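Each chain, letter by letter, is given below.
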Amino acid sequence: MAQAQTHLARKTQILLVVDDRPENLEAMQALFEDGDWQLRCVSSGEAALRCLLEDEVGLVLLDVQMPHMDGFEVARLMRGNPRTRFVPIIFVSAIAQTQDAVLKGYSSGAVDFVLKPFDPSVLRHKINSLLEFERNRSELLQLTQQLDKARAFNASVLENAAEGIMVVGEDGHIQFANPAMAQMLGCAVAELQGRELLGLLHSPKIDCDWRLSEFYRHWRRSETYRLHDASLHIEGGGSVPVALSCSPLPSLQHAMVVIALDLSAERHLRAQLQSQAVTDALTGLLNRHGFQQALGRALARIERSGERLAVLYLDLDGFKRINDSIGHDAGDLLLQHVGEQLKGCLRPYDSLARIGGDEFAALLENLEHPEDAAKVAEKLIEQVSVRHRLDGVDFTLGASVGIASFPECGQTVEGLLRAADMAMYEAKSAGRQQYRFFSPEMNGRARSRLMLEESLRSAIEQDDFRLVYQPQVYLDSGRLRGVEALLRWQHRVAGTVAPGVFIPLLEETRLINHLGEWIFRAGISQARRLADLHGQQLVLSLNVSPVQFGMPQLVEDLRRLLDAHGLNPAQLEVEVTESALMQDLQTTQEQLRQLRALGVKIAIDDFGTGYSSLAYLRHFELDTLKIDRLFIANMLESPRDAAVVTTILDLGRNLGLEVIAEGVETEAQRQWLVEHGCAIMQGFLVAPGLSAEQLEQFPLSLDWNHLPRLDSPAGEG
């Protein structure tokens, strides 16, 4: 295979014969056609020059005397062209046999001058030798060019490499450094040459002799030595963090190459990432993780010093409502402003964090008494509970704070945070804008709440909930207006659970969404059975929680169920609390408009206990006001409660709304309501919550002198 390749390489060389006489060309072709070359014959100097410029010619056999351009002129032109300067020339002549002609041939660049007649075998030997020489010269030229390119490439790589590169001799002195190395150390390349490598090291400190260093030891073993956490001195002071890699060069060079990777950007990025890991991006305060670290360090210090500390957990009251009203961008600005306010209330060495959402936490160290934390909590609440202004809107925030002190409330990071969080929820439950210290009772309540939540989830999965129905009747005639569907839970172990216990938890955990459709479907189905049974348009009142009322698909769900059961929409009344209506006024108005368009009635439940404004009330599309049972229970003894009931009755008449009194339990209460113009009532005086079977037996009209006595464990809603 190698011989074939060599033969092929030789055949590619061209032997050019130049003679103006055709018979001479034929003779030369006959003599040299079978050689290890490609024979090319031309009859003039001009043709020879064209061939030389077009092809890679290895040797020229050139006649001396030719018309127009003799052989000497062709040789002169060949030697003047870089492409043909080194192509060997043998003059072949039968006429120019004078010594001057031969000398002129040599001076024009010929390597030989052959006179005719000649010995073909001798000339063939000369041709082979000269072609071999030309082939070697050409290969040497190519190798030289490749070497020059490699040198230029390597020099370019070294000049433009981003890493610092040095060549260090076996004596530990720098023989070469690239520009990146010099730039990294703030000096010139020339200033590095000849310096000791160990003298550049800032860390680790190496005080031993060069030949005892790990650099030299690894080089002697022909091994690569790496330092991942080193630093080098910078000219003029300071240091730069680097990773060093030292590898031996070929043994004849007696040197090693040292590559230095600048880690400054990596260290800066690592510091940024570490900062981001413990910093809240919005406020610049600590985040939950950062606060936990700060608290952990504080606890470690306290174990040695015996000092006291406290954790304050703060939640903004009303932030969600404000955030939804002014937009999230403005809400973010508000959180940043609150963060600055809180920071201004603390000492420089106290820690403040945004735990998440609208919740903040503060770590107070070096406290003499737990009561000192209460003073800070009061200050935080006072600072936050001021009038704020954003986007031209004035509003007031509030804050609820829970306090957990060490060691009374916990001795660990998790324990203190959990205790402060529980205390904060106690403060919210107590009426907001307050602070509470953690107590063991809170932990018990929290555990009970958790168990109750799990029981709720199980009850939903096991269908333990049921609906009962409390009649609503007209006070004047005793005629049945309709019923209110009430949700009841019969716990499999604990028995009946009061609605006031589980319904708020259903709403808070949003588990009410899992029950919502079932409540609607069961209630509407029962209303359909009543319509079929009595043939009258009795009204079914269904309570809708704030969570459900905010759902955009509420109207579509009701429409689908009404259509599926064939119930007249006018027979359905949706009861909503004041707080649900006031969460988002724009959404409320649109939801009420769609409900009215569907044809269902709308009632405000527990009217008078919320915080709705009469100015807004006149814009709501309503049908019914329901007076809360607390007012009814006390109106005979309390002039204030009686005044509230009277005002609501007058308001209903003036706005053209039905008014229903809830929780009527005595005949005296009924008589008072009749005298003051109340039209409708519900309560134990008529009936408690009835099962579906009991409801179907309930009369359509009551005789006030002979009321039915129906006992039910369901209780009143």
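Preceding this section is the structure that the text describes.
Rules used throughout
Residues numbered from 1 in each chain as written. Predicted model: local features only at pLDDT ≥ 70, side-chain atom pairs only at ≥ 80, totals over all residues. Heavy atoms only, no water. Helix = DSSP H or I, 4+ residues; strand = E, 2+ residues; numbered from the N terminus. Buried < 20%, exposed > 50% of the residue type's maximum accessible area, 1.4 Å probe, protein only. Contact = heavy atoms within 4.5 Å. Areas by Shrake-Rupley, 256 points an atom, 1.4 Å probe, with all protein chains shown as cover. Lys, Arg positive; Asp, Glu negative; His and termini not counted. Charge placed at Lys NZ, Arg CZ, Asp CG, Glu CD. Polar contact = N/O pair within 3.5 Å; in protein donor to acceptor, adjacent residues only side chain to side chain. Pairing = 2+ DSSP bridges. Axes fitted to C-alpha atoms, helices over the stretch in contact; angles between N-to-C directions. Arc of directions from axis to C-beta. Disulfide = S-S within 2.5 Å. Core = buried A, V, L, I, M, F, W, Y, C linked by side-chain atoms within 4.5 Å. Salt bridge = Lys/Arg side-chain N within 4 Å of Asp/Glu carboxyl O. Left-handed = near helix turned anticlockwise from the far one by under 90°. Nonpolar A, V, L, I, M, F, W, Y, C, P; charged D, E, K, R; others polar.

Another aspect to go through is the overall build of the protein. Looking only at helices and strands, the protein has 28 helices and 27 strands in total. On the principal axes, the C-alpha backbone points of the protein span a range of 165 × 70 × 50 Å. Counting only residues that meet the buried cut, the protein has 45% of its 717 residues in that class. For the protein, contacts bridging at least 24 residues in sequence account for 62% of all contacts bridging at least 6. For the protein, the computed accessible surface area is about 36500 Å², with 51% contributed by carbon and sulfur atoms. The positive charge centre, built from 69 side chains, and the negative charge centre, built from 97, are 2 Å apart in the protein.

Moving on: the side chain of Glu484. Turning to its location among the elements, Glu484 is positioned in strand S20 (residues 480-491). Within polar-contact distance, the side chain of Glu484 engages the side chain of Gln682 at 2.8 Å. Sequence-distant contacts of Glu484, that is, excluding residues within four places in its chain, are made with Val468, Tyr469, Gln470, Gln472, Ser541, Asn543, Glu575, Lys626, Glu662 and Gln682.

Bringing the sheet that holds strand S10 (residues 239-248) into the picture now. The strand order S7-S6-S11-S10-S9-S8 describes an open sheet built from 6 strands, whose pairing is antiparallel. Edge positions in the open sheet fall to strand S7 (174-177) and strand S8 (201-203), since each of these has one partner strand only. Strand-to-strand twist of the sheet, defined as the mean angle between neighbouring strand axes without regard to direction, takes the value 40 degrees. Note: S10 against strand S11 (residues 255-262), 7 bridges, orientation antiparallel. Pairing of Ser245 across the sheet is with Ile259, part of S11.

A word on the side chain of Arg670. For Arg670, the position within the fold is in helix H27 (residues 667-675). Judged by relative accessible area, Arg670 falls into the buried class, the value being 7%. Of note is the side chain of Arg670, whose polar atom sits 2.6 Å from the side chain of Glu667.

Let us look at the sheet that holds strand S17 (residues 398-406). Judged by pairing direction, the sheet is mixed, and its 5 strands sit side by side in the order S13-S14-S12-S17-S18 without closing on themselves. Unpaired on one side and paired on the other, strand S13 (351-356) and strand S18 (435-437) mark the two borders of the sheet. The mean inter-strand angle of the sheet, taken between neighbouring strand axes irrespective of direction, is 20 degrees. Bridging between S13 and strand S14 (residues 359-367) involves 5 bridges; their strand directions are antiparallel. Each bridged residue has a counterpart across the sheet, and for Ala353 the counterpart in S14 is Ala361. The strands that helix H16 (residues 413-429) touches are strand S12 (308-317), S14, S17 and S18; relative to S17, the one it contacts most, it runs at about 145 degrees.

Along an α-helix, residues three or four positions apart point the same way, because every turn accommodates 3.6 residues. For helix H2 (residues 22-32), the full list of buried residues reads Asn24, Leu25, Met28 and Phe32. All buried residues of H2 project into a common sector of 100 degrees when viewed along the axis, lining one side. Seen from the buried face of H2, the exposed residues on the opposite side, beyond 90 degrees, are Pro22, Glu26 and Ala30.

It is worth spelling out the state of the cysteines at this point. Within the structure shown, the criterion is met by 0 disulfides. In this model Cys187 remains outside any disulfide bridge; the closest cysteine sulfur is found in Cys246, 19 Å from its own. Using a relative accessible area of 15% as the deciding quantity, one classes Cys187 as buried.

Attention shifts here to unusual backbone geometry. Note that the residue after Ser203, namely Pro204, is joined by a cis bond; omega there is -5 degrees. The residue Pro204 is located in the loop between S8 and helix H10 (214-220) in this model. The omega torsion of the bond from Phe406 to Pro407 falls at 10 degrees, within 30 degrees of zero and hence cis. Its identity as a non-glycine residue notwithstanding, Asn366 has a phi of 55 degrees, on the positive side. If you trace the backbone, Asn366 turns up in strand S14. With a phi angle near 55 degrees, Asp463 is a residue other than glycine that sits in the positive phi range.

Buried within helix H3 (residues 45-54) are the following residues: Gly45, Ala47, Ala48, Leu49, Cys51 and Leu52. Where H3 is buried, its residues meet strand S1 (14-18), strand S2 (38-42), strand S3 (57-63) and helix H4 (71-80).

Looking now at the pairing of S14. Counted residue by residue, S14 has 8 buried out of 9 residues, so it is predominantly covered. Looking at chain direction, S12 and S14 are connected through 8 bridges and run antiparallel. Bridge assignment links Asp315 to a residue of S14, and that residue is Glu359. Between S13 and S14, which follow one another and run antiparallel, lie 2 residues, and Gly357 among them has a positive phi close to 60 degrees.

Here we take up the nonpolar core. In terms of nonpolar packing, the biggest core is built from 81 residues, with Phe465, Leu506, Leu540, Val645 and Leu673 touching the most fellow members. For this core, the element with the highest residue contribution is helix H19 (residues 512-534), accounting for 7 residues. Setting aside its immediate chain neighbours within four residues, Leu540 contacts Tyr469, Val483, Ala485, Gly523, Ile524, Ala527, Gln571, Leu572 and Glu573. With 32 residues, the next largest nonpolar core counts Ala310, Leu335, Ala377 and Ile381 among its residues.

Between side chains of opposite charge, a pair can form when the charged atoms approach closely. Scanning the model with the defined rule gives 33 salt bridges in all. The closest approach of N and O atoms between Glu235 and Arg195, which form a salt bridge, is 3.7 Å. Of this pair, Glu235 sits in the loop between strand S9 (225-233) and S10 while Arg195 sits in the loop between helix H8 (189-192) and helix H9 (197-200); the two residues are 40 residues apart in sequence, bridging distant segments of the chain. Asp557 serves as the salt-bridge partner of Arg560, at 3.3 Å between the closest nitrogen and oxygen. Of the two residues, Arg560 and Asp557 both sit in helix H21 (residues 554-565), 3 residues apart, roughly one turn of that helix. The class for Arg560 is partly exposed, based on a relative accessible area of 41%. Because the salt bridges share partners, they merge into one network encompassing Glu484, Glu575, Lys626 and Glu662.

So, about the packing of helix H14 (residues 328-345) against helix H15 (residues 371-384). In a pair of packed helices, the angle between the axes and the distance between the axes together describe the arrangement. Running from N to C, H14 and H15 cross one another at 145 degrees; their axes reach a closest spacing of 9 Å. Seen from above, H14 lies across H15 with right-handed handedness. Mapping the contact onto sequence places Val338, Gln341, Leu342 and Cys345 in H14 and Lys379, Leu380, Gln383 and Val384 in H15. Taken together, the residues of the contact of H14 with H15 sort by class into 5 nonpolar, 2 polar and 1 charged.

As far as function goes, none of this settles anything; it's purely spatial.
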